Amino acid sequence: MATGIEDTAHAVEAAAVMRLLPVRPRLLALGEPTHGEDALLDLRNALFRELVEQEGYRTIAIESDCMMGLVVDDYVTSGTGTLDEVMERGISHGWGTSAANRELVRWMRAHNAGRPAPERLRFAGFDGPLEISGAASPRQALTALHGYLSARVDADLLPCTAETLDRLLGADDRWSDPAAMRDPARSVGQSAEAGRLRLLADDLEALLEERAPHLIRATSRDDWDRARLYGRTATGLLRYHHWMADASPARLTRLAGVRDQMMADNLLALAARGPALVHAHTSHLQRRKSTMRMGGMPLEWWGAGALVSTRLGEEYAVVATALGTIRHQGVDTPPPDTVEGLLYALPEDRSVIDARRLATALGGTRPAPRVSPWFGYAPLDPAHLADSDGILFVKDVTRS
């Protein structure tokens, strides 16, 4: 093992993470290099509980549909619905079936029972209503925003009626057609109706901001913030659909960028509410540019973490999770000349690593990049260790 690496490692606990940071961040981002492993989500849950109990954190945000996340938030804050219903309807990407996600939601509800509103924990999805196969209709977000405004401002101030929105939106399956992801000609995102909806969404958002003093007094800050989420989601979805209909070489890069811009806007709104733990794939949370290949093309764009870090500075912190093995996915013991191989030699099964001290300890010796035999796992980039504030290293990930 390179000299000094063991001195960068600490026990996995919230206090150890906080000691790595210059200030208590408003957003503490925990990145995972693979999806779907409950062992990593259990670690996230334990860290969140310690952040709640020791550091005053009140919100957790995960890489899930922001509109669906409202269902979970209503449940954990007020008990609306049942746990089974909430796990089915409140978490996207199929992750509502995760036992660790279920335990998180159950614990948050139990924690909140009997507590006054300012002390209750909050849940948020911060992804858009998007899947790799396409994007949702903007109907839910647009009609919810229109409904909030129409109940509280003069009808003459509204840019359209609910009936006009319904007519322009048409059938929802026109928007969510999975064929549009592969064929821009199948998308309705650049139709005359979509163009009109983008203008109306902009006008509705502007009216929401213009009338903020009245609306917050008439409802609550939470209700107004939720309406702002509706507005962000509607305009983001309409922008995403616009680029789905684009046939230029910029199409996929713009789609990736629009998605992460939606994520960043949601995270900044959460940061204004108080400190939050954020959990998602590291590619969305890192400070440097994100890259991937899609459709045979290399893509580069600024992810949500890079965008948020630019705005929040030291009040945004990111801890990247690194793994030794995921044997059930064919990821075996890391080569000893990689970062993961060096960390695998540590005696502990799990450690929090001071990323910048690790980079210093390695000196001019840059470890070899690890190559994963499985596409679903992204190893650390040894050239960018110091871009993270910390590394959460898990020696062996066992099957959930």
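In this convention, every chain numbers its residues from 1, walking through the sequence in written order. Local features in this predicted model are restricted to residues of pLDDT 70 or higher, and side-chain atom pairs are both shown and tallied only at a pLDDT of 80 or more, whereas totals for entire chains, interfaces and linings draw on every residue. Each side-chain value is worked out from all heavy atoms of the structure, with water and hydrogens disregarded.

A.B. asks: Looking at this structure, how should I read the overall build of the protein chain?
C.D. replies: What the protein chain contains, in helices and strands, is 17 helices and twelve strands. Computation of the radius of gyration draws on C-alpha atoms alone. For the globule rule, the value is 2.2 Å times the number of residues to the power 0.38. Over its C-alpha trace the protein chain gives a radius of gyration of 22 Å, about what one expects of a compact globule, namely 21 Å for 400 residues. Taken along the three principal axes of its C-alpha coordinates, the protein chain extends 70 × 55 × 35 Å. Relative to its 400 residues, the protein chain shows a buried fraction of 52%. Residues count as neighbours in contact if any of their non-hydrogen atoms are within 4.5 Å of one another. Within the protein chain, counting contacts between residues at least 6 apart in sequence, those at least 24 apart form 77% of the total. Element-wise, carbon and sulfur atoms account for 50% of the exposed surface of the protein chain, whose accessible area totals about 17500 Å². A helix here means a DSSP run of H or I that spans at least four residues, while a strand means a run of E at least two residues long, and both kinds are numbered starting from the N terminus. Relative accessibility thresholds used throughout: buried, under 20% of the residue-type maximum; exposed, over 50%; partly exposed, between the two (1.4 Å probe, protein chains only). For the area figures, the Shrake-Rupley method with a 1.4 Å probe applies, and any residue is considered shielded solely by the protein chains shown.

A.B. asks: Which parts of the structure should I look at to understand the layout of surface pockets?
C.D. replies: A water-sized probe rolled over the atoms picks out the places where empty space is left. The calculated volume of the largest pocket comes to roughly 1300 Å³. Put plainly, a pocket is an open set of points on a 1 Å grid over the protein atoms alone with protein on both sides within 12 Å along at least five of seven lines, a cavity is a set where a 1.4 Å probe fits but cannot get out, and a lining residue has an atom within 4 Å of a point. Surrounding the largest pocket, 45 residues form its lining, His35, His281, Ser283, His284 and Met292 being those nearest its centre. When residues of the lining of the largest pocket are traced back to their parent elements, those giving at least two are strand 5 (130-131), helix 13 (251-273), helix 14 (282-285), strand 8 (290-294), strand 9 (297-301) and strand 10 (316-325). For the lining of the largest pocket, the leading source of residues is helix 13, giving five residues. Grid points are joined across faces, edges and corners, and a volume is the space filled by probe spheres set on the points. Quantified by volume, the second largest pocket comes out at close to 1000 Å³.

A.B. asks: Teacher, can you tell me more about the sheet that holds strand 4 (residues 122-127) here?
C.D. replies: The pairing of strands in a sheet comes from backbone hydrogen bonds and takes either a parallel or an antiparallel form. The strand order across the open sheet formed by eight strands is 1-11-12-10-2-7-3-4, and the pairing between neighbours is mixed. The strands lining the two open edges of the sheet, one partner per strand, are strand 1 (9-10) and strand 4. Sitting on the sheet, helix 3 (residues 66-78) is in contact with strand 3 (59-65) and strand 4, with an inclination near 175° to strand 4. In this description, strands pair whenever DSSP reports at least two bridges between them. Interaxial angle, 0 to 180 degrees, is taken between N-to-C directions of lines fitted to C-alpha atoms, where a helix line uses only the stretch in contact.

A.B. asks: Explain empty space enclosed by the protein here, please?
C.D. replies: In total, this model carries two cavities of 30 Å³ or more according to the counting rule given. Roughly 40 Å³ of internal volume is contained in the largest cavity. If you go around the largest cavity, the residues you meet are Leu30, Gly31, Glu32, Leu40, Leu43, Arg44, His279, Thr321 and Leu392. For the second largest cavity, the calculated volume is near 30 Å³. Forming the walls of the second largest cavity are Thr282, Gln286, Arg287, Arg288, Val318, Ala320, Asp387 and Ser388. Of the residues belonging to the lining of the second largest cavity, the class tally is two nonpolar, three polar and three charged. Amino acids outside the nonpolar list (Ala, Val, Leu, Ile, Met, Phe, Trp, Tyr, Cys, Pro) and the charged list (Asp, Glu, Lys, Arg) are all regarded as polar, and Gly is one of them.

A.B. asks: Explain the nonpolar core here, please?
C.D. replies: Note that soluble globular proteins tend to have their nonpolar side chains buried in a common cluster. If you look at the biggest cluster of nonpolar residues, it comprises 43 residues, and the most contacted ones within it are Leu28, Phe48, Met108 and Phe123. At seven residues, helix 2 (residues 38-55) tops the list of elements feeding residues into this core. With residues near it in sequence (within four places) discarded, methionine 108 still touches Phe48, Ile60, Val76, Leu121, Arg122 and Phe123. Core analysis: the second largest hydrophobic core is formed by 31 residues, Ala141, Tyr148, Leu200 and Ala201 among them. The nonpolar core is taken to be a set of buried Ala, Val, Leu, Ile, Met, Phe, Trp, Tyr and Cys residues, with the residues joined through side-chain atoms within 4.5 Å.

A.B. asks: Explanation requested: the environment of leucine 270 in the structure shown.
C.D. replies: Looking at where leucine 270 falls in the secondary structure, it is placed in helix 13. The spatial distance from the C-alpha of leucine 270 to the C-alpha of alanine 61 is 8.5 Å, given a sequence separation of 209 residues.

A.B. asks: Any chance you could explain helix 13 here in plain terms?
C.D. replies: Taking 1.5 Å per residue as the helical rise, helix 13 with its 23 residues ought to reach 33 Å, and the 34 Å between its terminal C-alpha atoms agrees with that figure. The positive-phi residue at the C-terminal boundary of helix 13 is glycine 274, with phi of around 145°. To estimate how far a helix should reach, multiply one less than its number of residues by 1.5 Å.

A.B. asks: Whenever I open this one, the environment of arginine 293 confuses me. Can you help?
C.D. replies: With respect to the helices, strands and loops of the structure, arginine 293 is situated in strand 8. For arginine 293, a relative accessible area of 58% puts it in the exposed group.

A.B. asks: For this particular structure, what's the right way to read the packing of helix 13 against helix 15 (residues 304-312)?
C.D. replies: Two quantities define a packed helix pair, namely the angle between the axes and the distance from one axis to the other. Where helix 13 contacts helix 15, the two axes come as close as 8 Å, and the packing angle between them is 40°. One finds that helix 13 runs oblique with respect to helix 15. In this structure, helix 13 crosses over helix 15, and the sense of that crossing is right-handed. Mapping the contact onto sequence places Asp260, Gln261, Met263, Ala264, Leu267, Leu268 and Ala271 in helix 13 and Ala304, Leu307, Val308, Arg311 and Leu312 in helix 15. Residues belonging to the contact of helix 13 with helix 15 are distributed by class as follows: nine nonpolar, one polar and two charged. Angle categories are assigned with fixed cut-offs, so that under 35 degrees is roughly parallel, over 145 is roughly antiparallel, 65 to 115 is roughly perpendicular, and the rest are oblique. The sense of a crossing depends on the near helix, which, turned anticlockwise from the far helix by less than a right angle, makes the crossing left-handed and, turned clockwise, makes it right-handed.

Purely geometric stuff here, so don't read any function into it on its own.
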